[in-house]
Amino acid sequence: MIDFQSLPPPADDPRPLPAPDTETIVAISTPPGRGGVGVVRLSGPCAFAIARELFRPAGARIGGEVQGQATFGRFVDAGGETIDHGYLVLFRAPATFTGEETAELWAHGSPAALRLLVVAAVKHGALPATPGEFTLRAFLNGRIDATQAEAIRDLIDARTAFQAKVAHDQVRGRISAEVDRLKDRLAGIIARLEASIEFGEEAEAVRFMPEGGPRPEARALKAAIETLAGTYERGRRVREGASVALVGAPNVGKSSLFNRLLEEERAIVTAIAGTTRDVLEETIDLGGIAASLRDTAGLCEPRDEADAEAVRRARGALLSADLLLVVLDWGRPLRDDERDLLGEIDDTRSVIVLNKVDLACRLGLDEAMRLRRRYGALEVSAKSGQGIETLRLRLVQAVGSGAVAEREGIFITNVRHRDLLLRAAAALARAEEGALRGVVDECLLLDYREALDRLGEITGDVGIDGIYERIFKNFCIGK
């Protein structure tokens, strides 16, 4: 990471929220480490002035009068000493990411040179940006809403093309648009209910609210909100990935299967049982889901203290994994402890494989048929590759929960959104229960407005301070 010890520490910045109208912030916006190009970004009312203090154009005059125009020159420190050569690009408000004047210094990707540019900018009056502060300013200036801000972080963190696509769709406002539709429906109910209360003494008051009151429409809206909240588990796997643990007895070929799925020799494989002692973990792309594949030690009666720890870790992986890949040996009869394992696992989160089908079947054909019928067991050979593609397709289906097949459908990926949707649905449920008990409309309005507030909080219409704390604290500096 870049060393900012010589700068005022942003983590201790006393500002509860940035003041975009008065302060100019600066940070390195490219990833830590060396590279061909590194970018230092300034945003705020003095961004242009500070950038020009740091830049000496190669030509007769500074460029940048045209939006996005790059001008070549050299960057200098506060004393006028050259730091590096590169380009200055100026972006005029409000057509910038933050909605403020923004300047970018494109230098070589030297951590030392970029750090010196930040130090020089601070000496000219800029403040070191806190994590996520550029995105927060875009939010506060109305350039994006809260769901889009969260999606930017997801896009940065995306490990597969599908994760990036989903995050990009959300940056473009796909979730916001769906939540806005729900809000509009609820706002319509509230407006009609308020009108019926306000003009309740008049003969035509009934025209504001259909027969039966707001309950039928509110019930349908509640169902729509709960349906959207119910997509979270699928969305969580898209956003966070899933864990797949290979479990089974010693020497059934778990490590060989692990290597075959990774298509590299990652785990040590020998004919000696118990070679794997720790949990090995690598990431693979299963149809767009970033899956953490875990090779574990064989489940058996431990022979010593090291064996006992290996088995304990294997069982921990078994319990915590989203999906179990249970490996059985085609070349020998089923053991009692393997039968016990099959009895204790959850069928809905397990894939059973019969490994070593390149060998003679000593499992027993009747047993193999039973495992196929009962568990949908797949026959594979980690050694020859037989059945591996079929296994991959099964894993994609099991881990993705249909997300890849339904990639055009809307699903939420953020636990904050799910919780707020459930709280909105709960408020509507209270209103429906109150209406059944004969509660007056004025009191029902409190629950309807509560539901509207919770939907508004998803996109940032209310609860700004809380949203700042929950959304932007996990951003990287420079974004």
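From a predicted model like this one, the values you see are computed outputs, not experimental measurements. Within each chain, residues carry numbers counting from 1 in the order of the written sequence. Where totals are concerned, whole chains, interfaces and linings use all residues; where local detail is concerned, this predicted model gives features only for residues with pLDDT of at least 70, and gives and counts side-chain atom pairs only at 80 or more. The basis for every side-chain value is the complete set of heavy atoms in the structure, and neither hydrogens nor water enter the calculation.

Caption draft 1: The packing of helix 4 (residues 146–157) against helix 5 (residues 161–171), seen in detail. Contact geometry of helix 4 with helix 5 gives a least axis separation of 8 Å together with a crossing angle of 155°. Considering their axes alone, helix 4 and helix 5 lie roughly antiparallel with respect to each other. The handedness of the crossing between helix 4 and helix 5 comes out as left-handed. Where helix 4 abuts helix 5, its residues Gln148, Ala151, Ile152, Asp154 and Leu155 lie against Ala164, Ala167, His168, Gln170 and Val171. Of the residues contributing to the contact of helix 4 with helix 5, the split by class is 6 nonpolar, 3 polar and 1 charged. Only the contacting stretch of a helix is used when fitting its axis, a line to C-alpha atoms as for every element, and angles between N-to-C directions run 0 to 180 degrees. Here a strand is any run of E in DSSP of at least two residues, a helix any run of H or I of at least four, and the numbering for each starts at the N terminus. If an angle is under 35 degrees, it is roughly parallel; if it is over 145, roughly antiparallel; if it lies from 65 to 115, roughly perpendicular; otherwise it is oblique. Whether a crossing is left-handed or right-handed is set by the direction in which the near helix is turned from the far one by less than a right angle, anticlockwise for left-handed and clockwise for right-handed. Should any heavy atoms of two residues lie within 4.5 Å, those residues are counted as being in contact. Residues are grouped as follows: nonpolar covers Ala, Val, Leu, Ile, Met, Phe, Trp, Tyr, Cys and Pro; charged covers Asp, Glu, Lys and Arg; every other residue, Gly included, is treated as polar.

Caption draft 2: Spatial organisation of the confidence of the model for the chain. pLDDT gives the predictor's per-residue confidence on a scale running from 0 to 100. Scored by pLDDT, the chain has a mean of 81; 81% of the residues are at 70 or more. Across residues 1–17, confidence stays below pLDDT 50; counting only partners more than four residues off in sequence or on other chains, it has 32 contacts. Segment residues 401–408: pLDDT under 50, and 18 contacts once partners within four positions in sequence are set aside and those in other chains are kept.

Caption draft 3: Region of interest: the nonpolar core. Each nonpolar core is a collection of buried residues, namely Ala, Val, Leu, Ile, Met, Phe, Trp, Tyr and Cys, held together in the definition by side-chain atoms within 4.5 Å. For every residue, the accessible area (1.4 Å probe, protein chains only) is compared with the maximum for its type, and the residue is labelled buried under 20%, exposed over 50%, or partly exposed between those bounds. Within the largest apolar cluster, 30 residues are counted, with the highest numbers of intra-cluster contacts made by Val244, Leu257, Leu325, Val353, Leu391 and Leu395. At the level of elements, helix 5, strand 8 (242–247), helix 9 (254–262), strand 9 (280–286), strand 10 (289–295), strand 11 (323–329), strand 12 (350–355) and helix 13 (388–400) are the ones that each hand at least two residues to this core. The contacts of valine 244, once residues within four sequence positions are left out, are Leu286, Ala291, Ser292, Leu293, Arg294, Leu323, Leu325, Leu395 and Val399. In this structure, Leu182, Leu221, Leu444 and Leu445 belong to the second largest nonpolar core, which totals 27 residues.

Caption draft 4: Quick peek at the side chain of threonine 147. Tracing the chain through its elements places threonine 147 in helix 4. Discounting residues that sit within four places of it in the chain, threonine 147 has contacts with Ile175, Ser176, His417, Ile458 and Thr459.

Caption draft 5: Expanded view of the sheet that holds strand 6 (residues 102–109). Between any two strands, pairing holds if DSSP finds at least two bridges. Spatially, 3-4-5-6-2-1-7 is the arrangement adopted by the 7 strands of the open sheet, whose pairing is mixed. Two strands in the sheet have a free side with no partner beyond their single neighbour: strand 3 (55–57) and strand 7 (127–128). As defined by bridge partners, strand 3 adjoins strand 4 (residues 70–76) across 3 bridges and the pair is classed as antiparallel. Of the residues in strand 4, the one forming a bridge with arginine 56 is arginine 74. The sheet contacts of helix 2 (residues 111–123) involve strand 1 (25–28), strand 2 (35–43), strand 4, strand 5 (82–91), strand 6 and strand 7, and relative to strand 1 the element is tilted by about 175°. Running over the sheet, helix 3 (residues 133–140) touches strand 1, strand 2 and strand 7 and is turned about 135° from strand 1.

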